[in-house]
Amino acid sequence: MLEMSLKSSAACLALTGIFISSACHRSDNAIEAYTLLENSSVIGLCSPFRMGPGPTSISLTDYTIKSEELDSVGVSKGLFMDSFEGDELVISQSDDASGLEAIYLWKGGSASVIPVRKSLMEKMIFTFDPHGKTYTSVQIKGEMNAWNVNANPFIEDGGLYRTDFILSPGKYQYKMVLDGKEASHPDSPDSVSNGSGGYNQVLEFGDEERAPIFITAHFNDGQIAISGKSEGQKLIALWNNSEIRCTEEGDGWILHLPENASSVKRSFVRAWVSDDRHVSNDILIPLEYGQPMSEVSQLDRMDRHAMSLYNVFIDRFANGDKANDHMENPELVLPKANSMGGDLRGLIAKVDEGFFEERGINTIWISPVVKNVDGPYGYWPEPESRFSPYHGYWPVSFTLVEPRFGTPVDLHELVDKAHARNLNVLLDFVANHVHEEHPYYKAHPEVATELYLPDGTLNTERWDDHRLTTWFDVFMPSLQLDKPEVYEMLTDSAIYWIKEYDFDGFRHDATKHVPEIFWRTLTRKLKEQVTSTGKPLYQIGETYGSRELVGSYVNTGQLDAQFDFNVYDATVAVLVSEGGSFEDFSTSVHASLDAFGHHHLMGNITGNQDRARFISYAGGALRLDEDAKVAGWTREIGVGDSVAYNKSKLLMALVTSLPGLPVIYYGDEFGSFGGNDPDNRKMMRFAGYDRKETELLKVYEALMNLRQNSLPLIYGDFREHLITENTYVFSRNYLGASVLVLINNSDTEEEIDFTFDDDQTSLARTTWDGSPITSKGNAQYTLTLPPYSFEIIK
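Model, not experiment: these values are computed from the prediction.

1. Overview of the overall build of the protein
Helices and strands together make up the secondary structure of the protein, namely 14 helices and 42 strands. For 794 residues, the compact-globule estimate of 2.2 N^0.38 gives 28 Å, and the C-alpha radius of gyration of the protein, at 26 Å, lies within 12% of that figure. Across its three principal axes, the protein shows a C-alpha extent of roughly 75 × 70 × 65 Å. Burial status across the protein gives 61% buried among its 794 residues. As displayed, the protein has an accessible area near 29,700 Å², and 48% of this comes from carbon and sulfur atoms. Across the protein, the centroid of the 68 positively charged side chains sits 3 Å from that of the 116 negatively charged ones.

2. Regarding the nonpolar core
Residues Tyr310, Phe356 and Ile366 are the most contacted members of the largest nonpolar core, which totals 131 residues. The contact partners of Ile366, leaving out residues within four places of it in the chain, are Val312, Ile314, Leu347, Leu411, Leu414, Val425, Leu426, Leu427, Asp428 and Phe503. If you look at the next biggest cluster of nonpolar residues, it comprises 30 residues, including Ile213, Ile244, Leu299 and Leu711.

3. Some thoughts on helix α13 (residues 691–708)
When the terminal C-alpha atoms of α13 are compared, their 26 Å separation across 18 residues agrees well with the 26 Å that a helix rising 1.5 Å per residue should span. For α13, the complete set of buried residues consists of Glu693, Leu696, Leu697, Val699, Tyr700, Leu703, Met704, Leu706 and Arg707. Where α13 is buried, its residues meet β27 (309–312), α10 (614–618), α12 (643–657), β36 (661–665), α14 (711–715) and β42 (789–793). Where α13 begins, the capping side chain belongs to Asp690, and its oxygen is found 3.2 Å from the backbone nitrogen of Lys692.

4. Observations concerning the sheet that holds strand β6 (residues 79–85)
Pairing between sheet strands relies on hydrogen bonds along the backbone, with the strands arranged either parallel or antiparallel. Pairing is antiparallel across the open sheet formed by three strands, whose spatial order is β4-β7-β6. Single-partner strands in this sheet number two, and they are β4 (56–59) and β6. Across this sheet, the average inter-strand angle for adjacent strands is 30°, counted without regard to direction. Where β4 meets strand β7 (residues 88–93), four bridges bridge the pair, whose relative direction is antiparallel. The residue of β7 that forms the bridge with Thr56 is Ile91.

5. Structural notes on the confidence of the model for the protein
Overall, the prediction assigns the protein a mean pLDDT of 92, with 94% of residues at 70 or greater. This stretch, residues 1–38, has a pLDDT under 50; its non-local contacts, to residues over four places away or in other chains, come to 193 contacts.

6. A word on the sheet that holds strand β10 (residues 122–128)
Judged by pairing direction, the sheet is antiparallel, and its three strands sit side by side in the order β10-β13-β12 without closing on themselves. Strands with a single pairing partner mark the edges of an open sheet, and in this sheet they are β10 and β12 (155–157). When strand polarity is set aside, the average angle formed by the axes of neighbouring strands in this sheet is 40°. Of the strand pairs in this sheet, β10 and strand β13 (residues 160–167) are connected by seven bridges, and their pairing is antiparallel. Along β13, the bridge assignment pairs Phe126 with Thr163.

7. Observations concerning empty space enclosed by the protein
To find leftover empty space, a probe the size of one water molecule is rolled over the atoms. Counted according to the given criterion, the structure contains nine cavities of 30 Å³ or more. Approximately 110 Å³ is the volume found for the second largest cavity. As for the second largest cavity, its lining consists of Pro368, Val369, Val370, Pro395, Ser397, Phe398, Leu427, Asp428, Phe429, Val430, Leu490 and Trp497. Sorting the residues of the lining of the second largest cavity by element identifies β31 (424–429) and α5 (484–501) as the ones contributing at least two each. Looking at side-chain class alone, the lining of the second largest cavity contains 10 nonpolar, one polar and one charged residues.

8. Section: the packing of helix α8 (residues 565–575) against helix α9 (residues 582–596)
Running from N to C, α8 and α9 point in directions that differ by 170°, and their axes come no closer than 9 Å. Looking at the two axes, α8 sits roughly antiparallel to α9. Of α9, the residues touching α8 (which contributes Asn566, Val567, Ala570, Thr571, Val574 and Leu575) are Phe582, Phe585, Ser588, Val589 and Ser592. Class assignment of the residues belonging to the contact of α8 with α9 gives a composition of seven nonpolar, four polar and no charged.

9. Overview of the packing of aromatic side chains
One pass over the full model with this rule turns up 41 aromatic pairs. Consider the rings of Phe398 and Tyr440, whose centres lie 5.7 Å apart with planes at 65°: the pair is edge-to-face. Here Phe398, found in the loop between β30 (385–387) and α3 (408–420), pairs with Tyr440, found in helix α4 (residues 439–443); they are 42 residues apart in sequence, far enough to count as distant. Assessed through its relative accessible area of 16%, Tyr440 is described here as buried. Look at Tyr665 and Tyr666: their rings are 4.9 Å apart centre to centre, the planes differ by 75°, and that puts the pair in the edge-to-face class. No difference in accessibility class separates Tyr665 from Tyr666, as the two residues are buried. Among the aromatic side chains, those forming a connected cluster through ring pairs are Tyr310, Phe317, Phe355, Phe356 and Phe686.

10. Quick word on a nonpolar patch on the surface
Judged by side-chain polarity, Tyr452, Leu458 and Val474 come together as a nonpolar surface patch covering roughly 270 Å² of accessible area. For Leu458, the position within the fold is in the loop between α4 and α5.

11. Section: the environment of Tyr538
Looking at where Tyr538 falls in the secondary structure, it is placed in strand β33 (residues 538–541). You can call Tyr538 buried: its relative accessible area is 0%. The sequence separation of Tyr538 and Gln201 amounts to 337 residues, and the corresponding C-alpha distance is 36 Å. A polar side-chain atom of Tyr538 sits 2.8 Å from the main-chain carbonyl oxygen of Leu601.

12. A closer look at unusual backbone geometry
Residue Pro383 follows Glu382 across a cis peptide bond; omega there is -5°. Mapped onto the secondary structure, Pro383 falls in the loop between β29 (377–380) and β30. For the peptide bond that leads from Asp677 to Pro678, omega is 5°, which places it in the cis range. Along the chain, Pro678 turns up in the loop between β36 and α13. For Trp147, which is not a glycine, the phi torsion comes out positive at approximately 60°. Checked against the element boundaries, Trp147 lands in the loop between β11 (138–142) and β12.

13. Some words on the pairing of β31
Buried residues dominate β31, accounting for six of its six residues. By the alternation rule, side chains of β31 split into Asn424, Leu426 and Asp428 and Val425, Leu427 and Phe429, which are all buried. Where strand β28 (residues 363–366) and β31 come together, four bridges link them in parallel fashion. Following the sheet pairing, Trp365 is matched in β31 by Leu426. Across three bridges, β31 lies against strand β32 (residues 505–508) in parallel orientation. Among the inter-strand pairings, Leu427 is bridged to a residue of β32, identified as Phe506.

14. What about the pairing of β36?
With five of its five residues buried, β36 lies for the most part within the structure. Residues Leu661, Val663 and Tyr665 point to one face of β36 and Pro662 and Ile664 to the other, with burial holding for every one of them. Inspection of the sheet shows β27 paired to β36 by three bridges, in the parallel sense. Bridging across to β36, Tyr310 finds its partner in Ile664. Here three bridges tie strand β35 (residues 603–605) to β36, and the two strands are oriented parallel to one another. Residue pairing across strands places Gly603 opposite Leu661, the latter belonging to β36.

15. Brief notes about α12
Between its first and last C-alpha, α12 extends 22 Å over 15 residues, near the 21 Å set by a 1.5 Å rise per residue. Of all 15 residues making up α12, 14 are buried, and the element is well covered by its neighbours.

Conventions used here
Residues numbered from 1 in each chain as written. Predicted model: local features only at pLDDT ≥ 70, side-chain atom pairs only at ≥ 80, totals over all residues. Heavy atoms only, no water. Helix = DSSP H or I, 4+ residues; strand = E, 2+ residues; numbered from the N terminus. Rg over C-alpha atoms; globule rule 2.2 N^0.38 Å. Buried < 20%, exposed > 50% of the residue type's maximum accessible area, 1.4 Å probe, protein only. Areas by Shrake-Rupley, 256 points an atom, 1.4 Å probe, with all protein chains shown as cover. Lys, Arg positive; Asp, Glu negative; His and termini not counted. Charge placed at Lys NZ, Arg CZ, Asp CG, Glu CD. Core = buried A, V, L, I, M, F, W, Y, C linked by side-chain atoms within 4.5 Å. Contact = heavy atoms within 4.5 Å. Expected span 1.5 Å × (residues − 1). Polar contact = N/O pair within 3.5 Å; in protein donor to acceptor, adjacent residues only side chain to side chain. Pairing = 2+ DSSP bridges. Axes fitted to C-alpha atoms, helices over the stretch in contact; angles between N-to-C directions. pLDDT = per-residue confidence, 0-100. 1 Å grid on protein atoms, 1.4 Å probe; cavity = no way out; pocket = protein on both sides within 12 Å on 5 of 7 lines; lining within 4 Å. Points joined across faces, edges and corners; volume = space filled by probe spheres on them. Nonpolar A, V, L, I, M, F, W, Y, C, P; charged D, E, K, R; others polar. Parallel < 35°, antiparallel > 145°, perpendicular 65-115°, else oblique. Phe/Tyr/Trp six-rings, centres within 6.5 Å; stacked < 30°, edge-to-face > 60°. Patch = residues over 30% accessible without salt bridge, like charges linked within 9 Å, V, L, I, M, F, W, Y side chains within 5 Å. Salt bridge = Lys/Arg side-chain N within 4 Å of Asp/Glu carboxyl O.

Listed below in structure tokens is the structure:
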């Protein structure tokens, strides 16, 4: 137990571990990939499947490559099989279904288990009262409809406007759109900062208690124990995808691993507990030849929960070969929108120097290297400029390397040298669109979606209401990736990059604008042709939208993860905006844990190429409510108030300690500043840092190295202990070892009392930077946090 109090508010909370009981599950939407074990029908771990409000279809090809080789399919007693045709299974839940049920894929006398989460969805009637005002159009967009204003049309009824949603209990951010303009809902006073200078209103549906069941695990006397059993709860525990035999003991359970676990280098124990409605947090324990991992030295670079990503924007990183520099006409393209000469040789030099290891990175995500168009395109009005294709997102080939960046030989050398240093390399892959000069499009224009909508308006930048057909610009045709002849060809191209250059996975651009059939086809081919040979891969996508939309692409049959922009927005809101609070931040974190699992592989970003730099917001040099792209073009944007460096340290502390993978946008580690694209894409600086930049970099490196050397921060359970407007305390616990994270985002110091009661009460505790802390006795401590500071106790 970890008890603590914030003196100023007399708050007191307890950290306890709870444990579970009897079948087998895991609440993570994507984990490790492996070769097929004997009699197994699944490559990788079966991600939990969520039931819909009625009969729900599940594609078995998301889980098994060859469903025709299954002997049979079964379900647990809380489910019904309505139909089973081809690869599509339709199931319904019974009235007495538990919070977690299961589907069984039988092959060769053993079953792979797909956990199935019970649906708590119900119909909700939403009413808007115009209070006597007249509107020609009343619409709503929010997390409950993927921010699509056309998804839920209103019906006027007696002066009121009504629509309905099918929702699970929870909180949903939304905006009213009246006569085409965003507006407030006068009868809904609850609002939350959106991290962009404005506020979203909050729709709360149901009175569901947050995470009413919490579990944890210990390893004692050679046995894995799950504890915290309560009346009417059941345990689901799995070794990889197979049920584990469990026996009750005291207030919990002992898990009995199969004998063949000792013959597998890396496997996993997963567990959940459920009652008639709720599902606990998930347990995840990595095994090394059947024994729980106990040392970080047992990790290798493809243990995906241990990945730390660094986004290298090639053209803006390092110039290693001036012979391939190519700038567009400077009279047409201003410097910040032109090529700056970064290339593969420059990146290789940084790999050789040990740059990434020094910064606590083991996975390099490189921007697209595919050949792009020659010449400038696009237009910015003030100051007038066009754009060069420096970024790599205007492809005119599916397989050729961009000459401005280097040669295929250079690319091979980059990946080989990275692997020799135990670094992964992820390729940014562009599937959604091509440039209009692409030979494939020029020969087959019919493969593109329509540029004009039926009403005659341009189908450009229609991100939500026409997300699967919209063009990004008039010279960037989106492909009809639901056509077999298109998605088969393009997925083969993606496979080519993995096989030819030995990349370790992909960052996928514009994920939500690509239909699911593309991702399913790509992942199936990767499993058949690459993963099945023993090479794990990691795929992370980019989707702005509701967690339901983001999660629809994250499962065993599609992507491993996406960037968690919702949590990033909540981070910006609490650390930067007026009115932000850790109460709202906590709501966002728990929404992601519920959607993606407590041990998810989602990306926790410090920023990205489509956002203004965090530090400029934090210091007030850039306002959240202004157009950051315009600001970046029309004035010099710096850091502003030096408090921004302390707030950047808070950002780093959260990114490196929350569940998920840290993703560093190049330059954020020392406080690179600027507005939005292209002002956030300055040339990387490797030296000449001032005192505050150097201090921030030292903190960043220490935090990244702490995460790399902490099993609790990589695999630990997550539990909050203190949440106020400006104070946030949580812990990560792995098999009895704890790390405690304390954040103070106020301009006054805070004194916090806490007590450790994990399996290491006699351990001499230290802070993140190695400083010892003194106990008052009985593992009790008091810490004083200065303004805008953090502490991590290990």
